[in-house]
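Secondary and tertiary structure notes
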Amino acid sequence: MEDLKINHLRELESESIFVIREVAAQFERPTLLFSGGKDSIVLFHLARKAFWPAKVPFPLLHIDTGHNFQETLDFRDQLMKKAGATCIARLVQDSIDNGRVVEEKGVNASRNVLQTVTLLDAIEEHKFDCAMGGGRRDEEKARAKERFFSHRDEFGQWDPKNQRPELWNIFNGRKLMGEHFRVFPISNWTELDVWQYIFMENIEIPCLYFTHKRKVFNRDGVWLAWAPFMQLRESEKVEEKDVRCRTIGDITCTGVTLSTADTLEDIIVEIAATRVTERGGRYDDKRSDAAMEDRKKEGYF
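A few points on the structure. Note that residues are indexed from 1 along each chain, following the sequence as it is written. It should be noted that, the model being predicted, local features are given only for residues of pLDDT at least 70 and side-chain atom pairs only at 80 or more, the latter also being counted only at that level, while totals for whole chains, interfaces and linings use all residues. Computation of side-chain values: all heavy atoms of the structure, hydrogens and water removed.

Here we look at the environment of lysine 127
Going by this rule: Helix and strand labels come from DSSP, where a helix needs a run of H or I of at least four residues and a strand needs a run of E of at least two; each type is numbered from the N terminus.
Tracing the chain through its elements places lysine 127 in the loop between α5 (115-125) and β4 (130-132). Along the sequence, lysine 127 and proline 30 sit 97 residues apart, while their C-alpha atoms lie 8.9 Å from each other.

Pasting the structure below:
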């Protein structure tokens with residue numbers, strides 16, 4: 001059984017590396033979207049394997065909302081220094097200051113949606129014709145509609161009803177001037193696959209994924225990490241609890257999990273037993289039933 005699991009992970013690894021190499025072959029100016037979360041860390045690890053012993057031949061791109069966990073930013077900087085990689089950071093705060101977006105107000109205010117404009121501006125600024133991301137089909141129903149190669153029009157928009165067939169691992173990267181692609185090399189992985197691969201490859205991840213004490217509050221059934229810039233309702237109170245992150249993003253919408261898992265083995269057991277989806281704790285996905293699909297159509301990851 002152990003050999004079957006390893007073989008399964010190696011097959012996923014091989015498929016992802018093939019897709020990454022196809023990106024390098026078909027596109028002139030690709031980039032890898034990096035959030036500091038486990039999926040983008042695994043994607044970067046796969047990219048390093050794909051071109052070893054040479055360095056990864058394209059830069060990484062991080063869209064910083066200004067409301068990220070500091071642990072994520074510290075991990076990003078340490079990883080880039082260790083790997084000798086280039087990571088371009090673009091700030092949502094700059095988009096706000098330049099009048100490109102208007103910051104939300106109120107209790108449920110979040111900068112997560114504003115990332116789209118900053119991302120599209122960065123793609124245009126650097127003339128990227130392909131942006132690889134760590135999206136997986138098991139995450140959310142909108143992402144389940146994606147191909148490996150996801151075409152975006154000149155406005156960065158995605159049309160889920162107008163995607164190209166991908167038969168026999170033949171990927172069509174043809175595009176017109178101004179258009180680009182989003183590519184998802186780990187599309188066929190599950191959350192459990194990601195964690196088992198991290199364990200097998202001994203990949204470093206941010207400490208946020210392991211159980212730690214943090215100030216949190218409960219909003220509509222979701223535990224959220226508290227930060228000084230977050231506005232609370234009268235009924236909400238800040239408590240200190242043992243929690244960990246299953247997914248990492250903007251603090252205002254990243255739900256945390258009450259947990260005692262402080263090792264990779266414990267996390268794998270916890271994920272294997274859970275009946276709550278990974279994005280079940282993402283507060284921004286609760287804005288509407290089609291929240292993710294609407295954002296993707298506008299140019300989101």
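Remarks on the sheet that holds strand β8 (residues 222-225)
Sheet strands pair by backbone hydrogen bonding; their relative direction is either parallel or antiparallel. As a reminder of what qualifies: Only strands that DSSP links by at least two bridges are regarded as paired with each other. What counts as an axis is a line fitted to C-alpha atoms, over the stretch in contact for a helix, and the angles between N-to-C directions run from 0 to 180 degrees.
Strand order in this open sheet of 4 strands is β8-β7-β9-β10, and the pairing throughout is antiparallel. Lying at the two open borders of the sheet, with one neighbouring strand each, are β8 and β10 (256-258). Direction aside, neighbouring strands of the sheet carry axes that sit 70° apart on average. Pairing of strand β7 (residues 212-219) with β8, which is carried by 4 bridges, proceeds in the antiparallel orientation. Looking at the pairing, asparagine 218 lines up with tryptophan 223 of β8.

Regarding the packing of helix α2 (residues 38-51) against helix α3 (residues 70-83)
What counts here: An angle below 35 degrees is read as roughly parallel, one above 145 as roughly antiparallel, one from 65 to 115 as roughly perpendicular, and any other as oblique. Residues are treated as being in contact if the distance between any of their heavy atoms lies within 4.5 Å. Under this grouping Gly is polar, as are all residues other than the nonpolar Ala, Val, Leu, Ile, Met, Phe, Trp, Tyr, Cys and Pro and the charged Asp, Glu, Lys and Arg.
Between α2 and α3, the shortest axis-to-axis distance is 13 Å and the interhelical angle comes to 5°. In this view, α2 runs roughly parallel relative to α3, as classed from their interaxial angle. Here Ile41, Phe44 and Arg48 of α2 lie close against α3, whose contacting residues are Phe75, Leu79, Met80 and Ala83. Here the residues of the contact of α2 with α3 are counted per class, giving 6 nonpolar, no polar and 1 charged.

Some points on α5
In plain terms, the rule: The buried label applies to any residue whose accessible area, calculated with a 1.4 Å probe on protein chains only, is under 20% of its type's maximum; exposed applies above 50%, and partly exposed to all values in between.
Every buried residue belonging to α5 is among Gln115, Thr116, Thr118, Leu119, Leu120, Ala122 and Ile123, and all of these are buried. Where α5 ends, the next residue or the one after it, lysine 127, has phi of about 55°, a positive value.

Some details on the packing of aromatic side chains
Each aromatic ring pair is specified by the distance between its two centres and by the angle formed by the two planes. The criterion, for reference: For Phe, Tyr and Trp, where Trp contributes only its six-membered ring, two rings pair if their centres lie within 6.5 Å, and the inter-plane angle classes them as stacked under 30 degrees, edge-to-face over 60, or tilted in between.
A full pass over the atoms with the stated rule returns 10 aromatic pairs. Measuring from centroid to centroid gives 6.2 Å for phenylalanine 18 and phenylalanine 171, while their planes differ by 45°, and the two rings are tilted. Within this pair, whereas phenylalanine 18 is found in helix α1 (residues 2-26), its partner phenylalanine 171 is found in the loop between β5 (149-152) and β6 (180-183), the two being separated by 153 residues in sequence. We classify phenylalanine 18 as partly exposed; its relative accessible area is 36%. By relative accessible area, phenylalanine 171 is classed as buried at 7%. Seen from their ring centres, phenylalanine 34 and phenylalanine 44 are 6.4 Å apart, and the 75° between their planes marks the pair as edge-to-face. Taken together, the residues span a long stretch of sequence, with phenylalanine 34 in the loop between β1 (30-33) and α2 and phenylalanine 44 in helix α2 at a distance of 10 residues.

Quick look at a nonpolar patch on the surface
Stated formally: Only residues whose relative accessible area exceeds 30% and that form no salt bridge are eligible for patches; like-charged ones are grouped when within 9 Å, while nonpolar side chains (Val, Leu, Ile, Met, Phe, Trp, Tyr) are grouped when within 5 Å. The accessible surface values rely on the Shrake-Rupley method and a 1.4 Å probe; as for residues, cover is taken only from the protein chains in view. Think of a salt bridge as a Lys or Arg side-chain nitrogen and an Asp or Glu carboxyl oxygen that are within 4 Å of each other.
Together, Leu167, Trp168 and Ile170 give the surface a local cluster of nonpolar side chains, amounting to about 420 Å² of exposed area. Among the secondary structure elements, isoleucine 170 is positioned in the loop between β5 and β6. We classify isoleucine 170 as exposed; its relative accessible area is 54%.

Comments concerning helix α7 (residues 264-273)
What counts is decided by this rule: This arc is taken over the directions from the axis of the helix to the C-beta atoms.
All buried positions along α7 are accounted for by Leu264, Ile267, Ile268 and Ile271. Burial along α7 is one-sided: seen end-on, the buried residues are contained in an arc of 100°. Residues of α7 that are exposed and point over 90 degrees away from its buried face: Val269 and Ala273. Those residues of α7 that are buried lie in contact with α6 (191-201) and β9 (239-245).

Description of the pairing of strand β2 (residues 60-64)
We count it as follows: With its strands directed away from the observer, a crossover is right-handed exactly when the path from the first strand over the helix to the second travels clockwise.
Within β2, 5 of the 5 residues are buried, leaving the element largely enclosed by the surrounding structure. Side chains of β2 alternate between two faces, with Leu60, His62 and Asp64 and Leu61 and Ile63 buried alike. As defined by bridge partners, β1 adjoins β2 across 2 bridges and the pair is classed as parallel. In the strand pairing of β2, leucine 33 is matched with leucine 61. In the classification by handedness, the crossover that spans β1, the intervening α2 and the parallel β2 is right-handed. Bridge analysis of β2 against strand β3 (residues 87-91) gives 5 bridges, and the strand direction is parallel. Residue pairing for β3: histidine 62 is matched across the bridge by alanine 89. Remark: the β2/α3/β3 crossover connection has right-handed handedness.

This is a description of form; function is not addressed.
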